[in-house]
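Descriptive analysis of the structure
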Amino acid sequence: MPVPAPDVVRAADAELVVTDLARSRWFWVDALGFEAIEEDDEVIYLRGYEEFLHHSLVLRKGPEAGLRRLSYRVRTPEDVQRAKDFFAAKGLPTQDVPAGTTRGIGEAVRVEDPFGFPVEFFHHAEQGPRHVQRYDLRRGAEPSRIDHFNVLTPDVQAAHDFYAELGFRTSETIEDADQIYAAWMFRKPTVHDIAFTGGAGPRLHHIAFFVPESHQILRACDILGSTADHGHIERGPGRHGVSNAFYLYLRDPDGHRLELYTSDYYTGDPDHQTYRWDVQDPRRRDFWGHDVVPSWYREGSTALGLDGAPKALVHPPVSEETVHVGADGLGVVTEAELQRS
Ligand SMILES: O=S(=O)(O)c1ccc(O)c(O)c1
Ligand SMILES: [Fe+2]
């Protein structure tokens, strides 16, 4: 008898380990404009202005930078138990997380998915102060709310199939006749809550935060330029092919990648169709055909297991970077060269 999947509402929270809390606070709060809704010497709870729950992201001080958890909200308290049963039935590690372990979040279950990612499911959550119309508080890029996770994994097809079993639908893919190179999957009615990028994993590729419009993305660039901190800009600003979103990728002081993201599209109808990009289409990742910088394909944040130890990496047989020529301007890069880089 198959164990029913939990009813996942959306990507809702995440926790990153950072090595210098003060430096991280400067980047995420002073430069980007997140609100530090609660903090102490060990941890900072960051919040976007349109977030209704307690926070959007947790930065926790630690000796080595890494991804501690990606968290999804589930629809009912019973779905937390359902999540535990679903993963346990597959022989995957599960951990009960007492209420309040993460401030503002009730009891949760933390699991390791089949690809080594630390994933948490919760229902109960404190509502934070309503700052949607507190324009007097908005600063920096005026981040609104958490939007999605993107992770690096060597077998995108397997990850896609597993999250489809978890009830995620597919909005877009990048593929050719041989394989899927990337997939975007959703529970909330937008382009994605989770995306899989082909590459050595398990590693976090990025966490994305919605901003009101492209103006806030350009303002983030201007702010970082003003203080000569433009080195934190990795890719963009630009317009994605996949998702049609306007975007900017930044690297925080520990190298964690975040995306400022706006104006993707609605996917909520029951017959929403998957849009499939050919890996040879130069507009798939940047609608204006700009090159994707090599670091964007190659670098990510270490995933930490439920025991807190870094997860060993598994490399893919072929990666998109070695297949696509043209817009990436890289020509054919062999897998061996990639693994040496
Ligand atoms: O670069 S892609 O157009 O593939 C892309 C699309 C949507 C995203 O959220 C993203 O991170 C990357
Ligand atoms: Fe993204």
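Residues numbered from 1 in each chain as written. Chains lettered and ligands numbered in written order. Predicted model: local features only at pLDDT ≥ 70, side-chain atom pairs only at ≥ 80, totals over all residues. Heavy atoms only, no water.

**Topic: empty space enclosed by the protein**
- In this structure the tally under the stated criterion is 1 cavity of 30 Å³ or more.
- By volume, the largest cavity amounts to about 130 Å³.
- Looking at the lining of the largest cavity, the elements with two or more residues in it are β9 (145–153) and β16 (257–262).
- Here the residues of the lining of the largest cavity sort into 5 nonpolar, 6 polar and 4 charged. (1 Å grid on protein atoms, 1.4 Å probe; cavity = no way out; pocket = protein on both sides within 12 Å on 5 of 7 lines; lining within 4 Å. Points joined across faces, edges and corners; volume = space filled by probe spheres on them. Helix = DSSP H or I, 4+ residues; strand = E, 2+ residues; numbered from the N terminus. Nonpolar A, V, L, I, M, F, W, Y, C, P; charged D, E, K, R; others polar.)

**Digging into the pattern of salt bridges**
- Evaluated as defined, the whole model comprises 29 salt bridges.
- Taking the shortest distance from any N to any O, the salt bridge between Arg25 and Asp30 comes out at 3.9 Å.
- For Asp30, a relative accessible area of 45% corresponds to the partly exposed category.
- The partner of Arg110 in a salt bridge is Glu120, and the shortest N-O contact between them spans 2.6 Å. With Arg110 in strand β7 (residues 108–112) and Glu120 in strand β8 (residues 118–122), this residue pair connects regions lying 10 residues apart in the sequence. By the burial criterion, Arg110 is buried, and Glu120 matches it.
- Counted as one network, the salt bridges with shared partners bring together Asp13, Glu15, Arg60, Arg68 and Arg69. (Salt bridge = Lys/Arg side-chain N within 4 Å of Asp/Glu carboxyl O. Buried < 20%, exposed > 50% of the residue type's maximum accessible area, 1.4 Å probe, protein only.)

**Comments concerning the coordination of the iron ion (ligand 2)**
- Those donors, His148 (NE2), His206 (NE2) and Glu259 (OE), are the protein atoms that reach the iron ion (ligand 2), and they lie 1.9 to 2.1 Å from it.
- Between the donor residues of the iron ion (ligand 2), the gaps in sequence give the motif H-x57-H-x52-E. Taken together, the residues His148 in strand β9 and Glu259 in strand β16 connect sequence positions 111 residues apart. As far as burial versus exposure is concerned, His148 and Glu259 are alike and both buried. (Donors = N, O, S within 2.8 Å, 3.2 Å for Na, K, Ca; no water.)

**Observations concerning the UniProt feature "domain: VOC" (unreviewed entry) in the protein chain**
- Mapped onto this numbering, the UniProt entry gives "domain: VOC" (unreviewed entry) at residues 10–124 and 145–263.
- Here residues 10–124 runs as 20% helix and 41% strand, with 14 Å between its end C-alpha atoms. (UniProt positions renumbered as here; feature names shortened; annotations may be inferred.)

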